[in-house]
There are 2 protein chains.
Amino acid sequence: MKFNISNPSGFPEFSPRQEAVRQQWLEQIRQVFRQNGFIFIDTPLVEREENLLGKGGNPKEIYALKRIHDEAADTSHSGNALRFDQTVPLALYVARHRNELVFPFRRAVIGPVFRGERAQKGRFRQFDQCDIDVIGSGSLSLGNDAQVVGIIIELFQRLLPGVGFQVQLNNRKILLGFFQDVLGVTDDQIKPVLDIVDDLEKIGRDAVIDKLKALEIDSEKIEQLFALMNLGGTPSEILEALEKIEAGELFVEGVSELSEVVQMLQNMGVDEGYYKIDLRIARGLDYYTGTVYETKLTDYPQVGSVCSGGRYEDLAAIFTGQKLPGVGISIGLTRLLSQVFEHGILAEQPASPSQVLVVTMDEVEPVQKKALELGAQLRSGRIAAENYFESKKPAKKFEYAQKLEIPYVLVIGENELAAGEYQIKSMATGEKVMVAEDKLVDWFLF
Amino acid sequence: MKFNISNPSGFPEFSPRQEAVRQQWLEQIRQVFRQNGFIFIDTPLVEREENLLGKGGNPKEIYALKRIHDEAADTSHSGNALRFDQTVPLALYVARHRNELVFPFRRAVIGPVFRGERAQKGRFRQFDQCDIDVIGSGSLSLGNDAQVVGIIIELFQRLLPGVGFQVQLNNRKILLGFFQDVLGVTDDQIKPVLDIVDDLEKIGRDAVIDKLKALEIDSEKIEQLFALMNLGGTPSEILEALEKIEAGELFVEGVSELSEVVQMLQNMGVDEGYYKIDLRIARGLDYYTGTVYETKLTDYPQVGSVCSGGRYEDLAAIFTGQKLPGVGISIGLTRLLSQVFEHGILAEQPASPSQVLVVTMDEVEPVQKKALELGAQLRSGRIAAENYFESKKPAKKFEYAQKLEIPYVLVIGENELAAGEYQIKSMATGEKVMVAEDKLVDWFLF
């Protein structure tokens, strides 16, 4: 039988040199989330179909599970499917553990989600999503909205050192209030108008105008909308301009919330270069109700938003019967990393974690023994060290280190053994130094 | 509509305090794997059905993926299924990248696998499997077999500090050679006899004897088999006894391999308390051909093997057309952790990673501002610090810290602000100290 060994279409596979970067990123993300007090939760990748569909899942994209052998007869498994985001599992988790949880509940999660979309470039059917959410009980302070901005900044400073980025802030209430009170958009048009505005970056100004006109919004009002969305300047300047606009309660509430978040960012000492107010940010998802975030790489606008999220007032009422407010962000790690490599934003890393390869020059017992000893000694000094065990010519051993980009080779032969000093060869420079056994760990550490 | 919010049957969910342990374990496992030069590879959770079935997958247990909306018409997705182990994906990966890989290829993976088994205690339909494998091209030195033992020991010293464990070593060739040459077992009986022996621990000596008799193996030979399997003593004593047994080539080869592995363990300076030769270890899986490992917790025999694996001579010939030898181990993390908690082998950990909760005593701007500043300052000093933002009574704020087992609360009020010193309260002892702003990070670090 001939097997098709290629990856199933639409499922990601990073090369070992890319995976090394992915592992470093995961480490950094975990650290930042933990340092900010977020609690990791790992729910199964599988949920009940009806729960996924009940909270916004698209039946065309959800993968249901069926055992191969006898689908018709299989009742014990029917009705389970792979999660399509991290929010439904969070909502179910909170619903299940409502009484044990301590609120505000700060939850972090990193893991794969699945969407059966049509396979195309940049779209994945399995991708890692890294989310944090703060869930309140009854109420939730805007301090959390501000802190989330701080976390985004800390994350991208670590993930993409030296790469410019900016968090774009808005508040849904400002847009909605403006639509209602200034533009006179009717309730049933709010959602279509929001969707059109959300597409601005994708379809351009002219297309947005055409679409709004098709909804019978007149030109003058469209001009007013663009005037709002194009407000520029520092956060303080924009807020000042917003405070002058005459609109209703919702709008004013939005401006006040945004102003409070900005004030807190200033109090936290966050550098103003890292964030700005952008009144065009609408976020597609219905369920955001206040602060919304997007994050752009300033030198790579083609990448789109690399971290988005916002404030919502109802996490899980369909499951809990109670409205729980929350604020959160999500990084689509798989898509982001694949773009980072595509645009050369970050260099790939050596696949091997080894700092040193321990090789023997002579196939005699005392030399082999010493190599095992020294390898173990290095590792117990927390140096990533690997023994090369195969009986090959020396050139082959060095070639292994060179191909895997292992920076150093520790050479052990009968001469070295006799001298009690071992050769360390730098693979990058070819430089060789002799180091005594009891100095080896220190040599690599310092 | 009423939703069933419970976890789908058979899918694991750890509590936040258990998940904190799981996260620490994952960190340790990654560190040990990396320190030994293993390269992380993360293939999709989804593979082609025919590939899973082609390499030992049980169609009764494999979950195939079907999109909900229109299963019949769905051709683009048909034929994909969730992986049931980490070995088939490795085999496919190596087959795909045979020409780019550097051999020996040391691959590490940590991630979930899926089996649609009947739901029962201790069995999971989704569980994390942590595997390392060293894959050779053509040949692979026995040094790798020894190093794997070193890694198991390092792992369990870190995962379960103070808990006794022992790696049990055997070599399949010894058992097979003994079956053939001493017991005269025919080729087609080899596999049934191996399975019976593998069940020894589960079904007991008498049942094994009955089953072997049913295969028409006479009592005297069964006695000889038990004499072999019960050989005890130090590795050197057992090897000495084995060398005296008259058997064929395969047996002798097995003894020589096992002896070499033990010799290398001694050369690596591995403490003999951590491993022993146990000739009863057979390992169920067909594909092991040499060294086999199991690992037992000596104080908790009921837990069974916590880390198993071995040497095989054919990773993926059905995919590559070439035999690639390898040696590897696997930890069933989900099952192991659930047993660790069940038997109280390890204490659960505080759910929150926060070392300190920053709280304000007065709702005035300068105090709020200072709290934000100090929170940010602590975090940039790599202290896990969390600001409490909600407007609640002080008692509620301390209760939050206490419930989440956050060890310290940093208290900021107008008095503290005026003094430039802030109160740190230990939640465990109730002790309070005043610390100046510029000494805060150091206080937590040292």
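Use the structure listed above.
Rules behind the numbers
- Residues numbered from 1 in each chain as written.
- Chains lettered and ligands numbered in written order.
- Predicted model: local features only at pLDDT ≥ 70, side-chain atom pairs only at ≥ 80, totals over all residues.
- Heavy atoms only, no water.
- Helix = DSSP H or I, 4+ residues; strand = E, 2+ residues; numbered from the N terminus.
- Buried < 20%, exposed > 50% of the residue type's maximum accessible area, 1.4 Å probe, protein only.
- Contact = heavy atoms within 4.5 Å.
- Core = buried A, V, L, I, M, F, W, Y, C linked by side-chain atoms within 4.5 Å.
- Buried area = accessible area lost by both parts, 1.4 Å probe.
- Salt bridge = Lys/Arg side-chain N within 4 Å of Asp/Glu carboxyl O.

Considerations on the overall build of chain A
Reasoning step 1: For chain A, the count of helices and strands is 17 helices and 16 strands.
Reasoning step 2: For chain A, the spread of C-alpha atoms along the principal axes amounts to about 90 × 65 × 45 Å.
Reasoning step 3: Here chain A holds 446 residues, and the buried ones make up 57% of them.
Reasoning step 4: Restricting to contacts in chain A with at least 6 residues of sequence separation, those with at least 24 account for 68%.

Thoughts on the nonpolar core
Nonpolar side chains in soluble globular proteins tend to be buried together.
Reasoning step 1: Counting residues in hydrophobic clusters, the biggest one holds 86 residues, and the most contacted among them are A:Trp25, A:Phe33, A:Phe156, A:Leu160 and A:Phe179.
Reasoning step 2: For this core, the element with the most residues is helix α4 (residues 143–159) of chain A, which contributes nine residues.
Reasoning step 3: Not counting residues within four places of it along the chain, the set of residues in contact with A:Phe156 comprises A:Pro161, A:Phe165, A:Thr295, A:Val306, A:Cys307, A:Ile331 and A:Leu336.
Reasoning step 4: Residues B:Ile110, B:Leu176, B:Phe179 and B:Leu297 belong to the second largest nonpolar core, which totals 85 residues.

Quick notes on helix α13 (residues 333–342) of chain A
Residue and element names in this part refer to chain A.
Reasoning step 1: Of all ten residues that make up α13, eight are buried, and the element is covered over most of its length.
Reasoning step 2: Buried within α13 we find Leu333, Thr334, Leu336, Leu337, Ser338, Gln339, Val340 and Phe341.
Reasoning step 3: Buried residues along α13 sit against α1 (16–35), β6 (126–135), α4 and β11 (326–332).
Reasoning step 4: At the C-terminal side of α13, glycine 344 shows a positive phi close to 60 degrees.

A word on the interface of chain B and chain A
Reasoning step 1: Across the contact, 105 residues belong to chain B and 105 residues belong to chain A.
Reasoning step 2: When the buried area of chain B at its contact with chain A is split by residue, B:Ile5, B:Gln35 and B:Ile68 rank highest and sum to 8% of it.
Reasoning step 3: Across the chain B-chain A interface, the total number found is eight salt bridges.
Reasoning step 4: Of the charged contacts, one joins A:Glu27 and B:Arg34 as a salt bridge, the two residues approaching to 3.9 Å between their closest N and O atoms.

Let's talk about the environment of B:Ile39
Reasoning step 1: Along the chain, B:Ile39 falls in strand β1 (residues 39–40).
Reasoning step 2: Distance in space between the C-alpha atoms of B:Ile39 and B:Glu50 is 27 Å, their sequence separation being eleven residues.

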